[in-house]
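So the chains spell out like this:
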Amino acid sequence: MLEKIKFINHINESIEWGTNGIYVNYNDLRDYSWDFTSDNNKISSFSKGIVTKTIPITIMCSSESEGLAIKNRLFEITEKDVLAMQHGKIIIGEHYLKCFITGSKKSDYLINKRFLKTSLTLKTDYPQWVKETTTSFRTTEGISVQEPQGKRNFDYNFDFSFDYTSEMKNKTLNNTGFVETNFKLIIYGACINPAIHISGHTYQVKCEVSDNEYLTINSLTQKIILTRYDGTEVNCFNYRNRNSYIFKPIPSGNNIVTWNYDFGFDVVLLEERSEPKWT
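My aim in this report is to walk through the structure given alongside it, one point at a time.

What counts, and at which threshold
Residues numbered from 1 in each chain as written. Predicted model: local features only at pLDDT ≥ 70, side-chain atom pairs only at ≥ 80, totals over all residues. Heavy atoms only, no water. Pairing = 2+ DSSP bridges. Helix = DSSP H or I, 4+ residues; strand = E, 2+ residues; numbered from the N terminus. Axes fitted to C-alpha atoms, helices over the stretch in contact; angles between N-to-C directions. Salt bridge = Lys/Arg side-chain N within 4 Å of Asp/Glu carboxyl O. Buried < 20%, exposed > 50% of the residue type's maximum accessible area, 1.4 Å probe, protein only. Polar contact = N/O pair within 3.5 Å; in protein donor to acceptor, adjacent residues only side chain to side chain. Contact = heavy atoms within 4.5 Å. Core = buried A, V, L, I, M, F, W, Y, C linked by side-chain atoms within 4.5 Å.

Topic: the sheet that holds strand β12 (residues 172–175)
Phase 1: Strand order across the open sheet formed by 4 strands is β12-β21-β15-β16, with antiparallel pairing between neighbours. Bordering the open sheet on either side are β12 and β16 (201–204), each of which pairs with just one other strand. Adjacent strand axes in the sheet meet at a mean angle of 30°, parallel and antiparallel pairs treated alike.
Phase 2: Relative to β16, strand β15 (residues 195–198) is paired through 4 bridges, and the arrangement is antiparallel.

See below:
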């Protein structure tokens, strides 16, 4: 069975493999291996380091012009990430892998301009497959919203890369992953010294977030950034509440969420796996 894979570069240009003249069969994207260190013949830690994977691709188009266009587009979309030193993403199902396409080894490309076999080399310095799930909490009665992306019923004066729905649910955050997960907390102004409590743990930054601004707490990058209305970014790491670890992962299962309802916010769960989930 041919697998459908999508690649998106760092400026959101995309190309799909497994359809429209580009085909992917067997590959090692789902393979993984943990390295380890030892002390006195006992394993002391695991890691993955930089991982290399290979994606065999066949380009087979109905016309020469289409074949040439796809070959050039495949190169240009992937090359932009390397030149900019910005990760692209391989997407399988609901999970993505941050990576660079660093090589292409071609064969059978002299048969005609419609046909090409190539083996793409992929390198990643964060070999985890990530699924993002956004839960939105709003000021009205402390309600929360948890939906896959693709709906929009709330309007703001500025745009974000996720959507909302008006379906109301309880004040809980459901982490469906099998272990605790990293997260992004996105807090919308106006508010002062916003604090959020998840399963009794406090996440707080002692700063002011004005109208049309938002504060992002990212446990994966361990950064706290205030994005102002004009797009400028301010590092707020030193303003975190030092009495409660602000990057503590979100526990698996249902988590009670409380706050003073003076502001709205989103929790983006970053479920990580060594392989994308089989569906």
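With respect to the pattern of salt bridges
Phase 1: Tallying each qualifying case throughout the model produces 4 salt bridges.
Phase 2: Two residues, Glu13 and Lys80, come together in a salt bridge whose shortest N-O distance is 2.9 Å. Here the residue Glu13 occupies a position in the loop between β1 (5–8) and β2 (14–17), and Lys80 occupies one in helix α1 (residues 64–84), the gap between them amounting to 67 residues.
Phase 3: Assessed through its relative accessible area of 25%, Glu13 is described here as partly exposed.
Phase 4: Classification of Lys80 as partly exposed rests on a relative accessible area of 32%.

Notes on the side chain of Ser219
Phase 1: Checked against the element boundaries, Ser219 lands in the loop between β18 (214–218) and β19 (223–227).
Phase 2: With relative accessibility at 4%, the residue Ser219 sits in the buried group.
Phase 3: Within polar-contact distance, the side chain of Ser219 engages the backbone nitrogen of Phe183 at 2.8 Å.
Phase 4: Once you skip the residues sitting within four places of it in the chain, Ser219 turns out to touch Asn182, Phe183 and Phe247.

A short note on unusual backbone geometry
Trans peptide bonds make up most of the peptide bonds, and negative phi angles are found at most residues other than glycine.
Phase 1: Cis geometry marks the peptide bond from Gly189 to Ala190, where omega comes out at 15°.
Phase 2: Note that Ala190 resides in the loop between β13 (182–188) and β14 (191–192).
Phase 3: The backbone of Gln222 shows a phi angle near 55°, a positive value even though the residue is not glycine.
Phase 4: With respect to the element layout, Gln222 can be found in the loop between β18 and β19.

Looking at the nonpolar core
Phase 1: Of all hydrophobic cores here, the largest spans 26 residues; its most connected members are Leu215, Ile217 and Phe265.
Phase 2: At the level of secondary structure, the elements contributing two or more residues to this core comprise β13, β15, β18, β19 and β22 (264–273).
Phase 3: With residues up to four places along the chain from it excluded, the contact list for Phe265 reads Thr135, Ser136, Phe137, Arg138, Leu185, Ile186, Ile187, Tyr188, Ile196, Val257 and Trp259.
Phase 4: Trp17, Ile57, Leu97 and Ile101 belong to the second largest nonpolar core, which has 23 residues in total.

Some points on the pairing of β22
Phase 1: Most of β22 is tucked away: 10 of the 10 residues are buried.
Phase 2: Going residue by residue along β22, you find Gly264, Asp266, Val268, Leu270 and Glu272 tucked away on one face and Phe265, Val267, Leu269, Glu271 and Arg273 tucked away on the opposite face as well.
Phase 3: Bridge count for strand β10 (residues 129–137) against β22 is 9 bridges, and the pairing is antiparallel. If you follow Glu132 over to β22, its bridge partner there is Leu270.
Phase 4: In the sheet, β13 pairs with β22 via 7 bridges, with the strands oriented antiparallel. When the bridges of β22 are listed, Tyr188 appears paired with Gly264.

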